Amino acid sequence: MSYDFDLITIGAGSGGVAASRRAASYGAKVAIFEGDRVGGTCVIRGCVPKKLLMYAGQYRDGFEDALGYGWSLPSSPTFDWKNLIAAKGREIDRLNRTYHNMLEKAGVTLIPSFARLIDPHTVEANGRRHTAHTLLIATGGHPVRPDVSGGDLAITSNEALELSTLPNRIIIIGAGYIAVEFAAIFNALGADVTLMVRGDGLLRGFDADVRSALSVAMQTRGVKILTGAQPAAIEQASNAFLVTTKDGAQYAADLVMAATGRAPNTSGLGLETVGVATHPRTGAVQVDLNSRTNIDSIYAVGDVTNRVSLTPVAIAEGRALAETLYNNNPMQVSYDNIPTAVFTSPPIGTVGLTEEQARAHNKTIDIYRTAFRPMKNTLSGRDERTMMKLVVDSTDDRVLGAHMVGPDAPEIIQGVAIALNCGATKKQFDRTIGLHPSAAEEFVTMRDKVS
Ligand code: NDP
């Protein structure tokens, strides 16, 4: 049986591009279908533009802190949202071109169209059929709004990155990654931000000390956090949006943003036609440890599989697949000790088990924790503390988890994640000489168990 291609990938985001390039580098004939811009959620409407906006917000701290270090500013700095969004747009355009070039250099054929499955070896796009020995679904996900009356009035992170003006008052529904990151951005850029949280606090599933440290820091910076507030309806009044919660309270703002999770992009893909199994509740494409669906020739990687929805995980899944199929190098992704960051102010870095998870696994653990005023905050007078924590297995001394809220936490935790993946013990952390003066050195100098 001969096919047009060895591999057809649907979706040119992080996972699809990684798999396609790696496969092509081993000589596979690859086509990738993308009906939107190349780069996917992370590059076009996620991690990258979000982080650029976060940098914009950090200048506020810089201006404020500079005074304590002998600087005086000629006049109060002003900020222009339109200029920021335009500059961000230019950078995303550049990255989009870079992705095009990368695919071209790798010898991957980019077909700028959405595609749908016709049979286990065929896709259709613009009325034309294309065949391949292997099909890869890498279509990512999209934000979901709460299913309440007027839910459609809320913007999502997609629109938040393209707003023509910065709102004066914004209500953000949710308490996950996207909610807290955008709350931090809008707050830093001058908006009045309210986080509407249905649970008891921010970032459910994170270590309790991380959650409370972030909560304190955000509230000190002026973000209002409403807990136990479940939205029941959103409506548009003459000069504001009104959000009514289940208990009948009403809150007004110029803009409402839903950051209430994401769902896999599966509609219109023809999955039912071909019989690709999806998860009954989430709709995610179901795969095994090799990213293979129930149909032998069809694979899926990244957010569409709803395993761990993080860019580096999608990339690792895509590369592992290409290694397995095209380099005779069978590879599976390890989902242990995946470090993750939340780009708030201050940011969070975390890897491994939280204290709560370790206890739930019946581990006997020791907890080391420190909270201190970072050196930069001395002269600036900024009243914000850094929190760092280690969760250690007391039976074999292995470090099970490392958590930090404070400047540079994401940069620091990436290195600590290597140690955890090597199975490092607390003694080995302690034997490591600290890098002075830094906050990072606290991870190798924590001596006293707090519990
Ligand atoms: P999350 O799953 O992280 O958070 C969703 C939030 O919305 C939770 O607080 C949830 O509450 C709340 N929620 C869900 N439904 C409702 C509802 N009907 N009414 C009120 N609140 C609701 O999703 P995000 O959208 O923040 O992010 C999606 C994923 O994207 C993340 O899980 C992450 O994998 C990835 N991401 C990673 C980033 C990073 O690495 N820095 C940045 C941004 C996204 P509850 O907790 O009670 O369920």
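Here is a short report on the structure shown in this document. (Residues numbered from 1 in each chain as written. Predicted model: local features only at pLDDT ≥ 70, side-chain atom pairs only at ≥ 80, totals over all residues. Heavy atoms only, no water.)

### Some remarks on helix α3 (residues 47-66)
In this model α3 runs 28 Å from its N-terminal to its C-terminal C-alpha over 20 residues, within 8% of the 28 Å that 1.5 Å per residue would give. Looking only at α3, the buried set comprises P49, K50, L53, M54, A56, G57, D61, D65 and A66. The elements touched by buried residues of α3 are α2 (40-45), α4 (81-106), α6 (177-188) and α11 (376-380). (Helix = DSSP H or I, 4+ residues; strand = E, 2+ residues; numbered from the N terminus. Expected span 1.5 Å × (residues − 1). Buried < 20%, exposed > 50% of the residue type's maximum accessible area, 1.4 Å probe, protein only. Contact = heavy atoms within 4.5 Å.)

### A few points about the layout of surface pockets
To find the voids left in a structure, one rolls a probe of water-molecule size over its atoms. The volume enclosed by the second largest pocket comes to roughly 840 Å³. Lining the second largest pocket we find 36 residues, and of these P347, P374, K376, P407 and D408 sit closest to its centre. When residues in the lining of the second largest pocket are grouped by element, the largest group, 9 residues, is from α3. Looking at the lining of the second largest pocket residue by residue, the classes come out as 14 nonpolar, 9 polar and 13 charged. (1 Å grid on protein atoms, 1.4 Å probe; cavity = no way out; pocket = protein on both sides within 12 Å on 5 of 7 lines; lining within 4 Å. Points joined across faces, edges and corners; volume = space filled by probe spheres on them. Nonpolar A, V, L, I, M, F, W, Y, C, P; charged D, E, K, R; others polar.)

### Some remarks on the site of the ligand
Around the ligand there are 20 residues in total, and A175, R198, R204, S309 and A341 lie nearest to it. In the model, an oxygen atom of the ligand is placed 3.3 Å from a nitrogen or oxygen of the A259 main chain. Contact distances for the ligand include 2.8 Å between an oxygen atom and a backbone N or O atom of S309. Coverage of the ligand by the protein amounts to 76% of the 920 Å² it exposes when considered alone. By residue number, the principal contributor to the shell around the ligand is α6, which donates 3 residues. Here the residues of the shell around the ligand sort into 9 nonpolar, 6 polar and 5 charged. (Near = heavy atom within 4 Å. Polar contact = N/O pair within 3.5 Å; in protein donor to acceptor, adjacent residues only side chain to side chain. Areas by Shrake-Rupley, 256 points an atom, 1.4 Å probe, with all protein chains shown as cover.)

### A word on helix α9 (residues 311-326)
Along its 16 residues, α9 runs 22 Å from first to last C-alpha, staying within 8% of the 22 Å computed at 1.5 Å per residue. Within α9 the residues assigned to the buried category are V313, A314, E317, G318, A320, L321, A322, E323 and Y326. N328, located one to two residues past α9, shows a positive phi value of around 50°.

### Description of the packing of α3 against α4
Put simply, α3 and α4 touch, their axes get as near as 10 Å, and they point 145° apart. Here the hand of the crossing between α3 and α4 comes out right-handed. Contacts between α3 and α4 involve V48, P49, L52, L53 and A56 on the former and, on the latter, W81, L84, I85, K88, E91, I92 and L95. Residue composition of the contact of α3 with α4, grouped by class: 10 nonpolar, no polar and 2 charged. (Axes fitted to C-alpha atoms, helices over the stretch in contact; angles between N-to-C directions. Left-handed = near helix turned anticlockwise from the far one by under 90°.)

Fair warning: the whole summary comes from geometry, so function is off the table for now.
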